[in-house]
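Residue-level listing of the chains:
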Amino acid sequence: NVPIIPKIEFNLRPGYLLDKPLSSIPDSILISGPKILLDSIHNIETQFFSYDDIFEPFSYIIKLKKIPKIQMPIDEVKINLSVSRYSEKEFILPIEILNLPKDKRVKLFPPKVKVKVTLPVSIISTVKDSDFSLVVDYNEIIYDKTRELQLSINKQPPAIKQIILEPKKVNFLIRR
C-alpha cells in the first residue's frame with residue numbers, strides 16, 4: 001500500500017486561499033509486482049496537471065503515472081481543492097497575564113495589541129474580539145530574566161489562516 005502524490009501546479013485568484021490541503025481520492029493504493037521493484041516504490045505520482053485562476057471548490061480526475069511491471073487496481077484519482085474567498089480584519093485586543101502571583105502587579109506597555117487576521121469572507125462578520133485571547137507568561141520574567149514578554153495566542157477561531165501581531169513582544173513594569 002503506497003500513498004498517491006498529486007503532481008499539480010495551480011494558482012488561486014487573488015483574494016482566495018485553500019481551506020484545507022489538496023486531497024486525492026483515494027489517497028493510497030495497493031500495488032503488486034516483482035518484489036525487487038515493490039521495495040523501491042515509496043509512492044505513486046499522478047501525471048502533471050496545471051490550472052490557473054481557481055476561485056471556487058475544484059475537482060478533477062487525473063491519471064496515475066504507469067510503472068512498468070507494476071499492477072495497479074485503478075489508473076486515475078479524483079483531486080479536490082476546497083477554496084474560499086479570504087479577507088483581512090483588524091482587532092485591538094487586551095493582553096492577559098498568565099501565572100501572575102497574587103502579591104504582584106504588572107503593567108504592560110502597550111496594554112493592548114493590534115491583531116490582523118486573514119479569514120474566510122463567509123465568516124468575517126461573525127468573528128469578534130471575544131473569539132481571541134492574547135497572553136503573556138509572568139514566568140518568563142522569573143526564569144528567563146527577560147526585558148520583554150513574548151505574546152502568544154491562547155484562543156482563536158478555527159478558520160483563521162494567518163495572524164499578525166503588532167507588536168510581537170511587550171514591555172512590562174512590576175509594581176510592588
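Residues numbered from 1 in each chain as written. Predicted model: local features only at pLDDT ≥ 70, side-chain atom pairs only at ≥ 80, totals over all residues. Heavy atoms only, no water.

**Details of the environment of Y60**
- In this fold, Y60 is placed in strand β8 (residues 58-63).
- Residue classification places Y60 among the partly exposed residues on the basis of a relative accessible area of 37%.
- The contacts of Y60, once residues within four sequence positions are left out, are F49, V77, K78 and I79. (Helix = DSSP H or I, 4+ residues; strand = E, 2+ residues; numbered from the N terminus. Buried < 20%, exposed > 50% of the residue type's maximum accessible area, 1.4 Å probe, protein only. Contact = heavy atoms within 4.5 Å.)

**Considering the pattern of salt bridges**
- Taken as a whole, this structure holds eight salt bridges when the rule is applied.
- Across the pair D75 and K63 runs a salt bridge whose closest N-O atoms are separated by 3.6 Å. A residue pair is termed long-range when its members are at least 10 positions apart, and D75 in the loop between β8 and β9 (76-81) and K63 in strand β8 qualify at 12 residues.
- Given a relative accessible area of 33%, D75 falls into the partly exposed group.
- Counted as one network, the salt bridges with shared partners bring together K7, E45 and K65. (Salt bridge = Lys/Arg side-chain N within 4 Å of Asp/Glu carboxyl O.)

**Observations concerning the side chain of S24**
- Along the chain, S24 falls in strand β4 (residues 23-25).
- One polar contact links the side chain of S24 to the main-chain carbonyl oxygen of P26, over a distance of 3.0 Å.
- Excluding residues that lie within four positions of it along the chain, S24 makes contacts with I4, P6, V77, K78 and I79. (Polar contact = N/O pair within 3.5 Å; in protein donor to acceptor, adjacent residues only side chain to side chain.)

**Thoughts on the sheet that holds β8**
- Pairing in this open sheet of three strands is antiparallel, and the strands run β4-β9-β8 from one edge to the other. A strand with exactly one partner marks an edge of an open sheet, and here the two such strands are β4 and β8. Adjacent strand axes in the sheet meet at a mean angle of 30°, parallel and antiparallel pairs treated alike.
- Bridge count between β4 and β9: three bridges; the pairing is antiparallel. Counterpart to I25 in the pairing with β9 is K78. (Pairing = 2+ DSSP bridges. Axes fitted to C-alpha atoms, helices over the stretch in contact; angles between N-to-C directions.)

**A short note on the nonpolar core**
- Membership of the largest hydrophobic core comes to 21 residues, with the highest contact counts inside it found for L108 and V170.
- Broken down by secondary-structure element, the contributors of at least two residues to this core are β10 (83-98), β11 (105-109), β12 (112-120), β13 (133-137) and β17 (169-175).
- No other element matches the four residues that β12 contributes to this core.
- The next biggest cluster of nonpolar side chains, apart from the first, holds 19 residues, and it includes V2, I8, Y16 and V83. (Core = buried A, V, L, I, M, F, W, Y, C linked by side-chain atoms within 4.5 Å.)

**So, the environment of I62**
- Summarising the element assignment, I62 is placed in strand β8.
- A residue is classified by how much of its surface remains accessible, and I62, at 5% relative accessible area, is buried.
- Contacts of I62, omitting those with residues within four sequence positions, involve I8, T46, Q47, F49, D75, E76, V77 and I79.

**What to know about the pairing of β11**
- Here β11 shows one buried face, formed by V106 and L108, and one open face, formed by R105, K107 and F109.
- As paired elements, β11 and β17 share five bridges and run antiparallel to each other. Residue F109 lies in a different strand from β17, and its bridge partner there is N171.

**Some points on the pairing of strand β1 (residues 2-5)**
- Of the strand pairs in this sheet, β1 and strand β5 (residues 28-29) are connected by two bridges, and their pairing is antiparallel. Directly across from P3, in β5, lies its bridge partner S28.
- Here two bridges tie β1 to strand β6 (residues 44-45), and the two strands are oriented parallel to one another. Its bridge partner lying in β6, I4 is registered against I44.

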